[in-house]
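One-letter residues, chain by chain:
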Amino acid sequence: MRIDFDPVHCDRNTFYRLMTATVVPRPIAWISTTSAEGTDNLAPHSFFTISCVQPPVVQFTSVGRKDSLRNIEDTGAFVVNFAPESLFEQINATATDFPRGISEFDTVGVERESSLRVKPPRVAASPVALECELHSTVRLGDSTVVFGRVVHAAVSEEVMVDRHPEVTRLAPLSRLGKDEWGTLGDVRELSRVPYTEWQSRGVSG
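First things first, this report covers the structure right here in the doc. Numbering of residues starts from 1 in every chain and runs along the sequence as written. In keeping with the model being predicted, local features are shown solely for residues with a pLDDT of at least 70 and side-chain atom pairs are shown and tallied solely at 80 or more, while totals for entire chains, interfaces and linings include all residues. Values shown for side chains rest on all heavy atoms present in the structure; no hydrogens or waters enter the calculation.

### Some points on the packing of aromatic side chains
Our working definition: Ring pairs are drawn from Phe, Tyr and Trp, using the six-membered ring of Trp, whenever the two centres fall within 6.5 Å, and their geometry is named by plane angle: stacked under 30 degrees, edge-to-face over 60, tilted for the rest. Where helices and strands are cited, they refer to DSSP runs of H or I of at least four residues and of E of at least two residues respectively, numbered from the N terminus. For each residue, the accessible area found with a 1.4 Å probe, counting protein chains only, is set against the maximum for its type, and the residue is called buried under 20%, exposed over 50%, and partly exposed in between. A ring is scored as having a charge over it whenever the NZ atom of a lysine or the CZ atom of an arginine sits within 6 Å of its centre and within 35 degrees of its normal.
Counted according to the given criterion, the structure contains two aromatic pairs. Aromatic pair Phe-60 and Phe-78: ring centres 5.7 Å apart, planes at 75°, arrangement edge-to-face. Remark: Phe-78 occurs in strand 6 (residues 77-81) and Phe-60 occurs in strand 5 (residues 57-63); sequence separation between them is 18 residues. Exposure class is identical for Phe-60 and Phe-78. Each is buried. A cation sits over an aromatic face here: Arg-175 above Trp-181, 4.8 Å from the ring centre.

### Examining the environment of His-135
Using the following cut-off: Residues count as neighbours in contact if any of their non-hydrogen atoms are within 4.5 Å of one another. The term polar contact refers here to a pair of N or O atoms within 3.5 Å; inside protein, the definition further demands a hydrogen-donor-capable atom paired with an acceptor-capable atom, and it admits residues adjacent in sequence only when both atoms are side-chain atoms.
Within the element layout of this structure, His-135 appears in strand 9 (residues 128-140). Aside from chain neighbours lying at most four places away, what touches His-135 is Phe-147, Gly-148 and Arg-149. Here Ser-136 takes part through its side chain, which lies 2.8 Å from a polar atom of the side chain of His-135.

### With respect to the state of the cysteines
As a reminder of what qualifies: In this description, a disulfide is simply a cysteine sulfur pair whose atoms lie within 2.5 Å.
Tallying each qualifying case throughout the model produces zero disulfides. The thiol sulfur of Cys-52 is not disulfide-bonded, and the nearest other cysteine sulfur, from Cys-132, lies at 13 Å. Residue classification places Cys-132 among the buried positions, given a relative accessible area of 0%.

### Overview of the layout of surface pockets
Rolled over the atoms, a probe with the dimensions of a water molecule shows which regions are left empty. Going by this rule: A 1.4 Å probe that fits but cannot get out identifies a cavity on a 1 Å grid over protein atoms alone, an open set with protein on both sides within 12 Å along at least five of seven lines counts as a pocket, and a residue lines either if it has an atom within 4 Å of a point. Grid points are joined across faces, edges and corners, and a volume is the space filled by probe spheres set on the points. Each residue gets one of three labels, nonpolar for Ala, Val, Leu, Ile, Met, Phe, Trp, Tyr, Cys and Pro, charged for Asp, Glu, Lys and Arg, and polar for the others, Gly among them.
The space that makes up the largest pocket amounts to roughly 750 Å³. Around the largest pocket sit 32 residues that line it, and Tyr-16, Pro-44, Lys-66, Ala-95 and Arg-175 are the ones nearest its centre. For the lining of the largest pocket, the elements supplying multiple residues, two or more each, are helix 1 (12-22), strand 3 (40-45), strand 5, helix 2 (67-75) and helix 3 (88-93). Its residues placed into classes, the lining of the largest pocket shows 12 nonpolar, 10 polar and 10 charged. Taken as a whole, the second largest pocket holds about 610 Å³ of empty space. Taken together, 19 residues make up the lining of the second largest pocket; nearest its centre are Phe-82, Val-128, Leu-130, Pro-165 and Leu-170. No other element matches strand 4 (residues 48-52), which puts three residues into the lining of the second largest pocket. Considered class by class, the residues forming the lining of the second largest pocket number 16 nonpolar, three polar and no charged.

### Quick look at a nonpolar patch on the surface
Stated formally: Surface patches are drawn from residues lacking salt bridges whose relative accessible area is over 30%; two like charges belong together within 9 Å, two nonpolar side chains (Val, Leu, Ile, Met, Phe, Trp, Tyr) within 5 Å. Method for areas: the Shrake-Rupley scheme with a 1.4 Å probe, in which residue coverage is limited to the protein chains shown. Here, a salt bridge means any Lys or Arg side-chain nitrogen found within 4 Å of an Asp or Glu carboxyl oxygen.
Residues Val-193, Tyr-195 and Trp-198 make up a contiguous nonpolar surface patch of about 300 Å² in total accessible area. Residue classification places Tyr-195 among the exposed positions, given a relative accessible area of 53%.

### With respect to the nonpolar core
As a reminder of what qualifies: In this description, a nonpolar core means a group of buried Ala, Val, Leu, Ile, Met, Phe, Trp, Tyr and Cys residues linked to one another through side-chain atoms lying within 4.5 Å.
In this structure, Ala-29, Ile-31, Phe-48, Val-58, Phe-60, Leu-69, Ile-72, Phe-78, Val-80, Cys-132, Val-146 and Val-150 together form the largest nonpolar core, which totals 12 residues. Those elements giving two or more residues to this core turn out to be strand 2 (29-34), strand 5, helix 2, strand 6 and strand 10 (143-155). Every residue in contact with Val-150, bar those within four places of it in the chain, is listed here: Pro-56, Val-58, Leu-130, Glu-131 and Cys-132. Ile-91, Phe-105, Val-110 and Val-123 belong to the second largest nonpolar core, which has 10 residues in total.

### Some words on helix 2
Taken together, the buried positions of helix 2 are Asp-67, Ser-68, Leu-69, Asn-71 and Ile-72. Against the buried residues of helix 2 lie strand 2, strand 3, strand 5, strand 6, strand 9 and strand 10. At the exit of helix 2 stands Gly-76, carrying a positive phi of roughly 80°.

### Section: the side chain of Thr-34
Inspection of the secondary structure puts Thr-34 in strand 2. Using a relative accessible area of 3% as the deciding quantity, one classes Thr-34 as buried. Here Asp-40 takes part through its side chain, which lies 2.8 Å from a polar atom of the side chain of Thr-34. With sequence-adjacent residues up to four places away left out, Thr-34 is seen in contact with Thr-39, Asp-40, Asn-71, Thr-75, Lys-119, Pro-120 and Pro-121.

### Focus on the pattern of salt bridges
With the rule as written, the count across this model stands at nine salt bridges. Residues Asp-106 and Arg-112 are paired through a salt bridge, measuring 2.8 Å at the closest nitrogen-oxygen approach. A salt bridge links Glu-113 to Arg-122, with the nearest nitrogen and oxygen atoms 2.9 Å apart. Overall, the relative accessible area of 32% leaves Glu-113 in the partly exposed class. Judged by relative accessible area, which is 11%, Arg-122 ranks as buried. Through salt bridges with shared partners, one network takes in Asp-40, Asp-106 and Arg-112.

Right under this line is the structure:
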């Protein structure tokens, strides 16, 4: 037995809560930007993923016209800072709807460090920073998808094993439904089976 939800007949927030409770876990892009006036902004966005490998492009969605989006449109640059479990309270605090012109870095007490290729600063304590130049945006209803070309990546040596980021050292946070957050939990490994091996088993489509 299932319960049916029709987005045409549901109010906006009801269906939003349904989607964010079922499209889980969602990685968090902790986006730092700098306004045209020079104010550094920092905010978490949980509609985030990779868009392209070559060239490397990532994307996040701004629900509504938030400061992150306005700053990126004005300046053409942003940084995706990795959101680790150790910075949980600071990440949550930067989601506060501070008035425009107030820096979350300063108000929350998040330490900056300079980026190499773009103007917006990195979060100093974040283990990974993806410095991005704006590729394009797509407006969809009440939201805007932002595509950023990654022009530089900076990774802390402390999370690297054999020159590869190790997930248990990264300890990523994720967003779930309501006010819920997820942590890494158990990690399971399973290699993909190549088609030639399926053939050797005598299995066909």
